[in-house]
Amino acid sequence: MTRAFGLANTMMLAPLIGVSDTLPKALSFFGLSVLIVTLFGLAMGGLRARLSTSLQLIASLMLAATLVSAVQLLLQAFALPMYQHLGIYLTLISVQCVVLEQCGFFDAGQHKARLQLFGLFGALLITLGLLRASGATILIPAGFILLGLLLAGFQAWTHFSTSR
Amino acid sequence: MKPTKGLLLTLFIAAGGITLILALQHLTADSAAQQSQALERQALLDLLPADRYDNQPLDQPLAIDPQPLTNSQLHGGYLATLSGQPSAVLLRVQASGYGGPIELLIAIDRNGKLVGIKTLEQSETPSLGGHISEPGNAWLAAFQRHSRSDTQDFDQMAGATLTSRAVINAVHDALRYFDEHRSLLLEQHAHD
């Protein structure tokens, strides 16, 4: 059973627009979210078997909040400019972790989906970061339009290559 | 038996998480405070090129009383030094703009030439006069390297006559104040 992990239902759209106005911001956000989601996945992997479903939710909430708070504190102490740039989007990573956990992102046999989602996320962040930093598209609406065009292009391309 | 175990584990995660965060916060508090202070100072002083001073100007306030100038209010100032020699003076001047007071930090080098202007506070019309608080504002940058004796007329910002006039007057006031008190301002350092 493979599930589709879209960008929309995994809470990745908001940071995708919010942090992609400069490339360093996009890269640091991508790195931090990969780090946090990986740590979260590893920890939950050890816990899942020992907890009932309802306790899993509580444990995942605590775990995600702890990880993100720890990262925030470390950034505040050693990389304050980065912390200020990423702002609210950093906390969204914890929500993202819980949502991913709930939709089975960390289940065994989802390696491919995991790579795909993070590959797509990273590629979009970097592309948006590059395009927005170089052009006059630094504003949020321009980011939306750009993202829409990129996704439409991606869809058209997959459609084109499957219909062949 | 098993549900209790799970519950205990969850409680353990919660307690562990809270302890970790509190400990981390305690350990990094000093470093975080230093970082934010350094950042604030840097933001305040970015109108002065970094190679123009090597002291902490904000720790070296000038002994000037707040006083009214012709068109503005002088609130205070700071002295920037480079290898012990006064290199520039930062004056905090308040002018009345269109939407309220405009607070400016004006940097003047030892020869009386303007180095930079930074808007600390303003409530001008956004996207008209409000442009003066944007970093690297071109209109404010045009004042650079001018001194009081330059009689050039400065352009006004389109749509922001009162803001422009208030800033131009405040800059004139600051340059005039510097010229009139130059030796006093620059020698304060030597008396320390």
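The model shown is predicted, which means the values in this text are computed figures rather than measured ones.

**Examining the overall build of chain B**
Here's step 1: Within chain B, the secondary structure is distributed over four helices and five strands.
Here's step 2: Seen in sequence order, chain B has helices and strands lined up from the N terminus as α-β-β-β-β-β-α-α-α.
Here's step 3: A buried classification covers 30% of the 192 residues belonging to chain B.
Here's step 4: By sequence separation, contacts in chain B at least 24 residues apart represent 54% of the contacts at least 6 residues apart.

**A few points about the overall build of chain A**
Here's step 1: Each helix and strand counted, chain A has seven helices and zero strands in total.
Here's step 2: Traced from its N-terminal end to its C-terminal end, chain A shows the element sequence α-α-α-α-α-α-α.
Here's step 3: In chain A, buried positions account for 31% of the 164 residues.

**Quick look at the interface of chain A and chain B**
Here's step 1: Contact residues are listed per partner, giving 19 residues for chain A and 18 residues for chain B.
Here's step 2: It is helix α3 (residues 53–78) of chain A that contributes the most residues to the side of chain A that touches chain B, 14 residues altogether.
Here's step 3: Taken together, the residues of the side of chain A that touches chain B break down into 14 nonpolar, four polar and one charged.

**Regarding the pairing of strand β5 (residues 114–121) of chain B**
Here's step 1: Most of β5 of chain B is tucked away, with six of its eight residues classed as buried.
Here's step 2: Hairpin connection from strand β4 (residues 101–109) of chain B to β5 of chain B: four residues lie between these consecutive antiparallel strands, with Gly-112 of chain B at a positive phi of about 85°.

**Describing the nonpolar core**
Here's step 1: Core analysis: the largest hydrophobic core is formed by 37 residues, its most contacted members being Ala-88, Leu-104, Ile-106, Ile-108, Val-171 and Ala-174 of chain B.
Here's step 2: For this core, the secondary-structure elements that each account for two or more residues are β2 (72–82), β3 (85–96), β4, β5, α2 (138–141) and α3 (161–180) of chain B.
Here's step 3: Looking at this core element by element, the count peaks at eight residues for α3 of chain B.
Here's step 4: Listed in part, the 34 residues of the second largest apolar core include Val-19, Phe-121, Leu-124 and Leu-128 of chain A.

**Some thoughts on the UniProt feature "transmembrane region" (unreviewed entry) in chain A**
Residue and element names in this part refer to chain A.
Here's step 1: With numbering aligned to this structure, UniProt lists the feature "transmembrane region" (unreviewed entry) at residues 26–45, 57–80, 113–132 and 138–157.
Here's step 2: Taken end to end, residues 26–45 is 100% helix and 0% strand, and its first and last C-alpha atoms sit 28 Å apart.
Here's step 3: Across residues 113–132, helical content stands at 100% and strand content at 0%; the span's end C-alpha atoms are separated by 28 Å.

The rules behind these values
In this convention, every chain numbers its residues from 1, walking through the sequence in written order. Whichever chain is written first is A, and whichever ligand is written first is 1; the rest continue in order. Where totals are concerned, whole chains, interfaces and linings use all residues; where local detail is concerned, this predicted model gives features only for residues with pLDDT of at least 70, and gives and counts side-chain atom pairs only at 80 or more. Helix and strand labels come from DSSP, where a helix needs a run of H or I of at least four residues and a strand needs a run of E of at least two; each type is numbered from the N terminus. Burial is judged by counting the other C-beta atoms within 10 Å of a residue's own C-beta: 20 or more makes it buried, 12 or fewer makes it exposed, and any count in between marks it as partly exposed, with every C-beta position built from the backbone. The contact criterion used is a C-beta to C-beta distance within 7 Å, with each C-beta placed from the backbone. Think of it as three bins: nonpolar holds Ala, Val, Leu, Ile, Met, Phe, Trp, Tyr, Cys and Pro, charged holds Asp, Glu, Lys and Arg, and polar takes everything else, Gly as well. For two strands to be treated as a pair, DSSP must find no fewer than two bridges joining them. Take the buried Ala, Val, Leu, Ile, Met, Phe, Trp, Tyr and Cys residues, join any whose C-beta atoms are within 7 Å, and the set you get is a nonpolar core. UniProt positions are given in the numbering used here, feature names are shortened, and annotations may be inferred rather than shown by experiment.

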